[in-house]
Amino acid sequence: MKKISFLLSTVGLIIQSINCFASPGPRQRLLMDLNWRFSSTDTMGVNKPSFNDNTWRSVNLPHDWSIENEFVQNATTGGGGGYLPTGVGWYRKHFILPKSVLSKNAWIEFEGVYQNSDVWINGVHLGHYPNGYMSFYYDLTPYIKAGENIITVRVDNSLQPNTRYYSGSGIYRHVWLNIADPVHVAQWGTYITTPLADTATAIIEVKTQIENNNSVPEDIVLRSIVIDKNGNEVGRIESPISVQIKNNAEIDQKISITSPALWSLETPNLYSLHSFIVEKDRILDEISSAFGIRNIRYDVDKGFFLNGKHIKMNGVCLHHDAGSVGAAVPEAMWVRRLRLLKEMGCNAIRTSHNPVAPEFLDLCDRMGFLVMNELFDEWKAGKVKYGYSNYFDEWSQHDLIGFIHRDRNHPSVVMWSAGNEIGEQKQEKGNEILRPLIETFHREDPTRPVTTGNDNIAADNGAARIPFLQMLDIVGYNYVDRWHERRELFYSIDRHDHPDWKMVGTESVSIPGIRGNYYGGGFGGIDSSVIRPAYMPAVIRAEQLWKFVSLHDYVIGDFMWTGIDYLGEARWPNKNSSSGVIDLCGFPKDGYFFYQSQWTTKPMIHLSPHWNWKGKEGKVIQVLAYTNCDSLELFVNGKSFGIKAVEFPRQGNSGAWNRYDKVPINTTTGDLHLVWDVPYEPGTLKAVGRKGGKLVCEEEIYTTGAPTAIRLSVDRDTINADQMDAAHVKVEVVDEKGYVVPDANNLIQLIIEGAGNCIGFDNGNPGDTTLMKSTRRRTFNGLALAVIQSTGSPGSTRVQATSPALKGASVEFFSKKINRSFVTIESLIK
């Protein structure tokens, strides 16, 4: 039953994330992801309609050609780009349009192309766009024809390095063809705010941009209707307006609704605004825009409030890739990853360090996350030779306005970030570079504050300048504890000197490491031959920071680096950073459970290290526990090693001396973890947790036997038969009792039969440079993960796994056509 529940909720989330794209009625929004032709050879004349592309490879979008290649130590991307090749790629899409489209307006929308793209329609150059992360669009109206049309895209990611982390290469997000009446709502043309939002009443303010591309003025009516999650109309307004020839007009409207269902972290309720352009009872255009009704407030002393409730942002930073699939990420992978973060207690995400895919924000809206939405990693002061600094002067305002207009209706977005670790923060006139960005943010969306992630506050080698920081609505701190006495005093120094500053931890230390690696604490550096349950310097630093942040309301929250491992920022032979508390496959590491112990209330215990240490009998091994219980008692093969207790925050007297609201806990540590020194002996390690003196949970780990078999499990029984969905097949190496062998690194061969393709197979080991698309890979510390995508046809998919000396396994799931509210360009002529 759990699998069925996961299926329904996951598919529902994905379908809903696409629903916001769809528009019933006269407007058509057509997905253009299927059947593109691709070549990685930079050939002359490709943009001409007569060019013969019959020998090119057929691909579906999203497509990242870098992740299809081998990791190469001397790749021009270097460690920053994950040692994967880039280069130049060409895409061509042949599609048929009926004659009826010629009386309409048409434009093509790219959600993300990395990078330096040029686009042609039927041989006509539409434009060049450098930014590899931001969405963009081109008008096709003058150039389309009845019959066959050809879109050609050249993607140039050859100039390296152009980023500090893995970017991917190609058309790695969705592409849409929009067809509408010449009088229509503009692209990203609705702006919805809720200046009044409480449980009694909500005022919805709507600004709508209307384009008139006809040769005569148009007298029209804008009808705006608010629909709740059950499909019921809860409010409407109609406004007449005259739109001049070849011109735009903006209409302001207010809609009042009673007893609104507010958007919150626990109940992320959403509404949709249906905008109709009506002329003499004829509907010219209709679009639907999702939004949430909520109130946000930032207080200099008390931090962040959502609907009047104080919320501490328990945040993580995330990159845009998803490991084995690179930058071309099916929505189902983000559903799985966001669920893991939610279970950890995470409630906030910083989109490090560039615009994410629109569906990522849709999922944050639906799953209840707060988002710090970040635009740039550099301005004019570059970090890499071919980075965005080369385009900043010409393109920054264009990209900024598009970014705001695209994302400002998302209730999850509660803060803008204009940049990360920007070099201008320490320049004498750096605030003058910041000023026009801030002004544009405030003009285009006055409802959200703006920050930047500043890593040079109080730095010895060039400190961030006060005029720069004072211009920010919220001062963002990257590694607030980096310099001198701030390791212990954190924000308190600036709180004293600048009591008017609002403060947030835009980026902070986490508990990093490599999953299941305990030599030297899993992160090397010290005593790499010694077994340690964690890299303790990082544990202590993360714990001390969290103590301060959690106890001081004026600190809005903290975004630790990072929630999930990501490709790039690595040193060979590693291909990825290991700073996340979840590995590249989406398997939690030990550090994950520290945050769960602090950010959740459901009783939990996590023990480390594993208990397979043959040859270490009698040697003392530290056993570490993260828990939100009051106390734990540790047993080894039934023998108690004592009770230890932790309390944070500790309670003081209440009502009178030596009286307490709760029964006092006899704490044994001021840390946020518990540690026992245990002479190793094979068997069972068990921790028993109590709260208020009552047994609430237990955790056991075992010394396993030798690997004997493979176990496969799939997260869902059914997936949708399209490229937006995927199933995750977990590979485990187990012993004869069915326990996962925590140090097993067996070679696995996958065989996929039926209606699925393997689009990624990884194990979370940073040092494994096996091709990500290979179906042959070793497990890493007992685990691996395959991502299986539908071929597009309904049917069953069988995944079989074999390995020398191990009993094989297989698992089966199904692909079926689940009703979506979007259609593909191919269906237009059916």
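Scroll up a little and you will see the structure.
Structural notes, computed from the coordinates. Every chain's residues receive numbers from 1 upward, in the order its sequence appears when written. Side-chain atom pairs in this predicted model are given and counted only at pLDDT of 80 or more, local residue features only at pLDDT of at least 70, and totals for whole chains, interfaces and linings cover all residues. As a rule here, side-chain values come from all non-hydrogen atoms in the structure, and water together with hydrogens is ignored.

## As for the overall build of the chain
The secondary structure listing takes helices from DSSP runs of H or I that are at least 4 residues long and strands from runs of E that are at least 2 residues long, numbered from the N terminus. A count of helices and strands for the chain gives 10 helices and 45 strands. All radius of gyration figures rest on C-alpha atoms, and the globule criterion is 2.2 Å times the number of residues raised to 0.38. The C-alpha atoms of the chain give 28 Å as radius of gyration, which agrees with the globular expectation for 830 residues (28 Å, within 12%). The classification of residues rests on relative accessible area computed with a 1.4 Å probe and restricted to protein chains. Under 20% of the type maximum is buried, over 50% is exposed, and intermediate values are partly exposed. Classification of the 830 residues of the chain by burial places 60% in the buried group. Of all intrachain contacts in the chain linking residues separated by at least 6 positions in sequence, the fraction that spans at least 24 positions is 72%. Carbon and sulfur atoms form 49% of the exposed surface of the chain, whose accessible area is close to 31,300 Å². Contacts were defined at the residue level, with two residues in contact if any of their heavy atoms lie within 4.5 Å. Residue-level accessible areas treat just the shown protein chains as cover; the underlying method is Shrake-Rupley with a 1.4 Å probe.

## What to know about the pattern of salt bridges
Here, a salt bridge means any Lys or Arg side-chain nitrogen found within 4 Å of an Asp or Glu carboxyl oxygen. Throughout the structure, instances matching the rule amount to 42 salt bridges. A salt bridge links R29 to E109; the shortest N-O distance between them is 2.7 Å. Taken as a pair, R29 in strand β1 (residues 28-31) and E109 in strand β5 (residues 105-110) lie far apart in primary sequence, 80 residues in all. This pair shows no difference in class: R29 is buried, exactly as E109 is. Counted as one network, the salt bridges with shared partners bring together R164, D377, K383 and E569.

## Side note on the sheet that holds strand β33 (residues 674-679)
By definition, two strands form a pair when at least two bridges between them are found by DSSP. The strand order β29-β30-β33 describes an open sheet built from 3 strands, whose pairing is antiparallel. Edge positions in the sheet fall to β29 (605-608) and β33, since each of these pairs with one other strand and no more. Averaged over all pairs of adjacent strands, the angle between their axes in this sheet comes to 25°, without regard to strand direction. Summarising the sheet, β29 and strand β30 (residues 620-627) pair through 4 bridges and their orientation is antiparallel. When the sheet's bridge partners are listed, I605 is paired in β30 with T627. Only the stretch in contact is used when a helix axis is fitted, and all axes are lines through C-alpha atoms; the angle between N-to-C directions ranges over 0 to 180 degrees. Strands β29 and β30 of the sheet are contacted by helix α10 (residues 590-599), whose axis makes an angle of about 40° with β30.

## Points about the packing of aromatic side chains
We call Phe, Tyr and Trp rings a pair once their centres come within 6.5 Å, taking the six-membered ring for Trp, and we label the pair stacked below 30 degrees between planes, edge-to-face above 60, and tilted otherwise. Under the definition given, this model contains 36 aromatic pairs. By the ring-pair criterion, three or more aromatic residues cluster together here, those being F376, W379, Y388, Y391, F392 and F468. Two thresholds decide whether a charge sits over a ring: the Lys NZ or Arg CZ must be within 6 Å of the ring centre and within 35 degrees of the ring normal. A cation over a ring is seen here: R337 above W334, with NZ or CZ 5.8 Å from the ring centre. We note R408 situated over the ring of Y191; from NZ or CZ to the ring centre the distance is 4.0 Å.

## Overview of empty space enclosed by the protein
Cavity means a closed set of points on a 1 Å grid over the protein atoms alone, one where a 1.4 Å probe fits but cannot get out, pocket means an open set with protein on both sides within 12 Å along at least 5 of 7 lines, and lining means a residue has an atom within 4 Å of a point. Grid points are joined across faces, edges and corners, and a volume is the space filled by probe spheres set on the points. Summed over all chains, the structure comprises 10 cavities of 30 Å³ or more. Space inside the second largest cavity adds up to approximately 220 Å³. Lining the second largest cavity we find 20 residues, and of these Y114, Y133, N162, N354 and Y388 sit closest to its centre. Here the term charged refers only to Asp, Glu, Lys and Arg, the term nonpolar to Ala, Val, Leu, Ile, Met, Phe, Trp, Tyr, Cys and Pro, and the term polar to all other amino acids, Gly among them. In terms of residue class, the lining of the second largest cavity is made up of 10 nonpolar, 7 polar and 3 charged.

## Some remarks on the layout of surface pockets
In this structure, the largest pocket spans a volume of roughly 1,500 Å³. As for the largest pocket, its lining consists of 43 residues, and the residues nearest its centre are P588, F593, K730, E732 and L783. Broken down by secondary-structure element, the contributors of at least two residues to the lining of the largest pocket are α1 (2-19), α2 (331-344), α10, β29, β35 (694-702), β36 (709-714), β38 (727-734) and β42 (783-790). In this structure, the second largest pocket is lined by 37 residues; those nearest its centre are N628, D630, V646, F648 and K691. Listing elements by their share of the lining of the second largest pocket, those giving two or more residues are β20 (309-311), α9 (536-551), α10, β32 (639-645) and β34 (684-691). Of the residues contributing to the lining of the second largest pocket, the split by class is 14 nonpolar, 16 polar and 7 charged.

## Here we look at the nonpolar core
Only buried Ala, Val, Leu, Ile, Met, Phe, Trp, Tyr and Cys residues count toward a nonpolar core, and they belong to the same one when joined by side-chain atoms within 4.5 Å. One finds Y91, I171, L177, L341, M344 and Y491 to be the most contacted residues of the largest nonpolar core, which totals 114 residues. Considering every element that reaches this core, the biggest residue donor is α2, with 7 residues. The contacts of L177, once residues within four sequence positions are left out, are Q28, R29, L30, M32, F95, L97, A106, W107, L140 and I825.

## Describing the environment of I438
By secondary structure assignment, the location of I438 is in helix α5 (residues 430-444). Given a relative accessible area of 6%, I438 falls into the buried group. Expressed as a C-alpha distance, the spacing of I438 and P62, which sit 376 residues apart in the sequence, is 33 Å. If we ignore the near neighbours within four places in the chain, the residues touching I438 are V450, M471 and L472.

## Points about the packing of α2 against α10
Interhelical geometry of α2 versus α10 gives an angle of 55° and a closest axis separation of 8 Å. Taken together, α2 and α10 sit at an angle that is classed as oblique. Residues L340, E343 and M344 of α2 pack against Y592, Y595, Q596 and W599 of α10. Per-class residue counts for the contact of α2 with α10 are 5 nonpolar, 1 polar and 1 charged. Should an angle fall under 35 degrees it is called roughly parallel, over 145 degrees roughly antiparallel, and 65 to 115 degrees roughly perpendicular, with every other angle called oblique.

## Section: helix α4 (residues 392-407)
If you check which residues of α4 are buried, you get F392, W395, S396, D399, L400, G402, F403, I404, R406 and D407. Each element contacted by the buried residues of α4 is listed here: β7 (124-129), β11 (183-197), α3 (358-367), β23 (370-374), β24 (413-420) and α5.

## A few points about α9
Since the α-helix packs 3.6 residues into each turn, any two residues three or four apart lie on the same face. Between its first and last C-alpha, α9 extends 23 Å over 16 residues, near the 22 Å set by a 1.5 Å rise per residue. Within α9, burial applies to A538, V539, A542, E543, L545, W546, K547, F548 and V549. Each helix should span, by expectation, one fewer than its residue count multiplied by 1.5 Å.

## Focus: the sheet that holds strand β8 (residues 136-139)
Overall, mixed pairing links the 5 strands, which are arranged β8-β5-β10-β1-β45 in an open sheet. Each having just a single partner strand, β8 and β45 (823-824) make up the two edges of the open sheet. Direction of pairing for β5 relative to strand β10 (residues 175-180): antiparallel, over a ladder of 6 bridges. The residue bridging A106 from the neighbouring strand is I179, located in β10.

## Here we look at the packing of α9 against α10
What describes two packed helices is the angle between their axes and the distance between those same axes. Between α9 and α10, the least distance of the axes is 12 Å, while the angle of their chain directions is 20°. Considered as vectors, α9 and α10 are oriented roughly parallel to each other. The two elements α9 and α10 meet at a crossing, and its hand is right-handed. Mapping the contact onto sequence places A542, E543 and W546 in α9 and F594, Y595, Q598 and W599 in α10. Note on convention: near helix rotated counterclockwise from far helix by under a right angle means a left-handed crossing. Clockwise means right-handed.

## Focus: the side chain of S272
The residue S272 is located in strand β16 (residues 271-279) in this model. Using a relative accessible area of 15% as the deciding quantity, one classes S272 as buried. A distance of 3.2 Å separates polar atoms of two side chains, one belonging to S272 and the other to H274. Residues contacting S272, with those up to four places away along its chain left out, are I225, V226, I227, S288, S289, A290 and F291. The term polar contact refers here to a pair of N or O atoms within 3.5 Å; inside protein, the definition further demands a hydrogen-donor-capable atom paired with an acceptor-capable atom, and it admits residues adjacent in sequence only when both atoms are side-chain atoms.

## Details of the pairing of strand β19 (residues 303-306)
It is a general feature of regular strands that their side chains alternate between the two faces of the sheet. In terms of strand pairing, strand β18 (residues 296-299) meets β19 through 4 bridges, oriented antiparallel. Each bridged residue has a counterpart across the sheet, and for R297 the counterpart in β19 is F305. Pairing of β19 with β20 involves 3 bridges; the strand directions are antiparallel. Bridge assignment links F304 to a residue of β20, and that residue is I311. Counting the residues that bridge the hairpin from β19 to β20 gives 2 residues, and of these N307 lies at a positive phi of roughly 55°.

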